[in-house]
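Topology and contacts: notes
If you want the building blocks of each chain, they are given just below.
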Amino acid sequence: MAIALYAAGVSQRKAAEVMSFLLGHRYFHETISAMTEEVLQAVEAFRRRPLPEEMAFVYLDGLYLKLLREGEGVVREVVYVALGIAPSGERRVLGYWLLPAESALGWEGVLGELWQRGLRRVLLFITDGLPGLPEAIQRVYPQAEWQRCVVHGVRWSLGQVRARDRTLLAEDLRRVYGAESRAEALRALEALRETWGSRYPGVVALWAGDSGAFLRFYGYPKVLWPYLRSTNLMERFIREIRRGAKVRDHKFPSEEAVYKLLYLESERQEGRWAERRLKGFGDVKEVLEKMLQERYAPRTQTLTHTS
């Protein structure tokens, strides 16, 4: 019961109150903490579990949590999260890592661990625009492609312009990423340059300079485009982690406490995901498997990871 309450996001103090009321004995939050320590062995097994050899798509993102470090007080550290989708539409938490800060070097280490744990073939990585991340992906998974999150790009762009221009700019951006084909999207991008280039050169430079990454999803089945042009699936998972952190007063007494939350939330979410696959993947499963085979089969025997 203690572990179930903790996994559901109930604070240790509140869990102690609930158990005392239900069971007729007096429990303290220290007791609940000791009970949940039993999951640490499962936490370690989860973090080291072998991964499937292939995933159609992998989302990468991070979130900051507050952690109490001895001698340092409360510090903000980043949790790196990797979420994979198989060609069948099955979702899986590939891993999570607690590091002092988010960086391209940190992400390269994460990618290297995914490789070492068995994930060798990926069609597309979907991330935000962290500098150096595309290069890190290229070094570890040279045959994979990179999709830059369109939603993050739009949010940033609208934050750079005057309030009176935001509605019109949002419509013009929607014509780019909402086009029916890549050719149509490129025409809309040229129109964007003509309309906004002189007023907001930085915004136009972002979309023109990274047009390949923003429009990568056009190379995949249309039914999957909503999943590929943003990190929304990952953000939903991260929202659940933040909810668990919120009831714990947004700070954790140790690394182990962070990993307990991440493990229990991952287990809970994967249990829910197992009940249904993502819509649309069943129709294109064979297409994705063929894409993986064609992209990786010619060089599978000679490809090695040295990063």
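Structural notes, computed from the coordinates. Just so it is clear, the model here is predicted, and its values are computed rather than measured. (Residues numbered from 1 in each chain as written. Predicted model: local features only at pLDDT ≥ 70, side-chain atom pairs only at ≥ 80, totals over all residues. Heavy atoms only, no water.)

Comments concerning the nonpolar core
Counting residues in hydrophobic clusters, the biggest one holds 95 residues, and the most contacted among them are Phe57, Tyr141 and Trp207. Considering each element in turn, this core owes the most residues, nine residues, to strand β1 (residues 54-69). Discounting residues that sit within four places of it in the chain, tyrosine 141 has contacts with Leu111, Leu114, Trp115, Leu119, Arg120, Val122 and Phe125. (Core = buried A, V, L, I, M, F, W, Y, C linked by side-chain atoms within 4.5 Å. Buried < 20%, exposed > 50% of the residue type's maximum accessible area, 1.4 Å probe, protein only. Helix = DSSP H or I, 4+ residues; strand = E, 2+ residues; numbered from the N terminus. Contact = heavy atoms within 4.5 Å.)

Remarks on the pairing of strand β2 (residues 73-85)
Counting buried residues along β2, 10 of its 13 residues qualify, which places the element largely inside the surrounding structure. Direction of pairing for β1 relative to β2: antiparallel, over a ladder of 13 bridges. By the bridge assignment for β2, leucine 63 is matched with valine 79. Two successive antiparallel strands, β1 and β2, enclose a turn made up of three residues, where glycine 71 displays a positive phi of approximately 85 degrees. In the sheet, β2 pairs with strand β3 (residues 91-99) via eight bridges, with the strands oriented antiparallel. Residue glycine 84 lies in a different strand from β3, and its bridge partner there is arginine 92. Counted between consecutive antiparallel strands, the loop separating β2 from β3 contains five residues, among which glycine 89 sits at a positive phi close to 95 degrees. (Pairing = 2+ DSSP bridges.)

Focus on a positive patch on the surface
On the surface, a cluster of positive charge is made up of Lys66, Arg76, Arg242 and Lys251. Relative to the helices and strands, lysine 251 is located in strand β6 (residues 251-252). Residue lysine 251 is classed as partly exposed on the basis of its relative accessible area of 42%. (Patch = residues over 30% accessible without salt bridge, like charges linked within 9 Å, V, L, I, M, F, W, Y side chains within 5 Å. Areas by Shrake-Rupley, 256 points an atom, 1.4 Å probe, with all protein chains shown as cover. Salt bridge = Lys/Arg side-chain N within 4 Å of Asp/Glu carboxyl O. Lys, Arg positive; Asp, Glu negative; His and termini not counted. Charge placed at Lys NZ, Arg CZ, Asp CG, Glu CD.)

Observations regarding the pairing of strand β4 (residues 121-127)
Along β4, seven of the seven residues are buried, which leaves the element largely enclosed by surrounding structure. In this fold, β4 hands off to helix α6 (residues 133-140), which returns the chain to strand β5 (residues 145-148); that crossover is right-handed. (Right-handed = clockwise from strand over helix to strand, strands pointing away.)

Focus on the side chain of glutamine 147
One can find glutamine 147 in strand β5. Look at glutamine 147 and you get buried, because its relative accessible area is 0%. Among the polar contacts listed, one links the side chain of glutamine 147 to the backbone oxygen of phenylalanine 214, at a separation of 3.0 Å. Engagement of the side chain of glutamine 147 in a polar contact is seen with the backbone nitrogen of phenylalanine 217, the distance being 2.8 Å. (Polar contact = N/O pair within 3.5 Å; in protein donor to acceptor, adjacent residues only side chain to side chain.)

Considering the environment of arginine 120
Looking at where arginine 120 falls in the secondary structure, it is placed in the loop between α5 (104-116) and β4. Judged by its relative accessible area of 33%, arginine 120 is partly exposed. Sequence-wise, arginine 120 and methionine 19 are 101 residues apart; in three dimensions their C-alpha atoms are separated by 45 Å. If near-sequence neighbours (up to four positions away) are discounted, arginine 120 is found in contact with Glu53, Trp115, Tyr141 and Tyr296.

Remarks on the packing of aromatic side chains
Counting across every chain of the model gives 15 aromatic pairs. With a centroid separation of 5.3 Å and 50 degrees between ring planes, the pair formed by phenylalanine 125 and tyrosine 141 is classed as tilted. Of this pair, phenylalanine 125 sits in strand β4 while tyrosine 141 sits in the loop between α6 and β5, and the two are 16 residues apart along the sequence. A relative accessible area of 0% means that phenylalanine 125 is categorised as buried. Classification of tyrosine 141 by relative accessible area gives buried; the value is 1%. Judged by centre distance (5.5 Å) and plane angle (45 degrees), the ring pair of tyrosine 227 and phenylalanine 281 falls under tilted. Here the residue tyrosine 227 occupies a position in helix α12 (residues 225-228), and phenylalanine 281 occupies one in helix α15 (residues 281-296), the gap between them amounting to 54 residues. Taken as a pair, tyrosine 227 and phenylalanine 281 share a single burial class, namely buried. Site record: aromatic cluster; members linked through ring pairs are Phe46, Tyr96, Tyr259 and Tyr263. (Phe/Tyr/Trp six-rings, centres within 6.5 Å; stacked < 30°, edge-to-face > 60°.)

Quick word on the packing of helix α4 (residues 40-48) against helix α14 (residues 255-273)
Where α4 contacts α14, the axes come no closer than 9 Å and their chain directions differ by 70 degrees. On the basis of the axis angle, α4 is roughly perpendicular to α14. For the crossing formed where α4 meets α14, the hand is left-handed. Across from Leu40, Ala42, Val43, Phe46 and Arg47 in α4, the residues of α14 making contact are Glu256, Tyr259, Lys260, Tyr263, Ser266, Glu267 and Glu270. (Axes fitted to C-alpha atoms, helices over the stretch in contact; angles between N-to-C directions. Parallel < 35°, antiparallel > 145°, perpendicular 65-115°, else oblique. Left-handed = near helix turned anticlockwise from the far one by under 90°.)

Side note on helix α7 (residues 150-158)
Among all positions in α7, only Val150, Gly153, Val154 and Ser157 are buried. Buried residues of α7, seen end-on, are gathered within an arc of 95 degrees and therefore sit on one face of the element. Those residues of α7 hidden inside the fold are in contact with β5, α8 (166-177), α10 (201-209) and α11 (211-214). (Arc of directions from axis to C-beta.)

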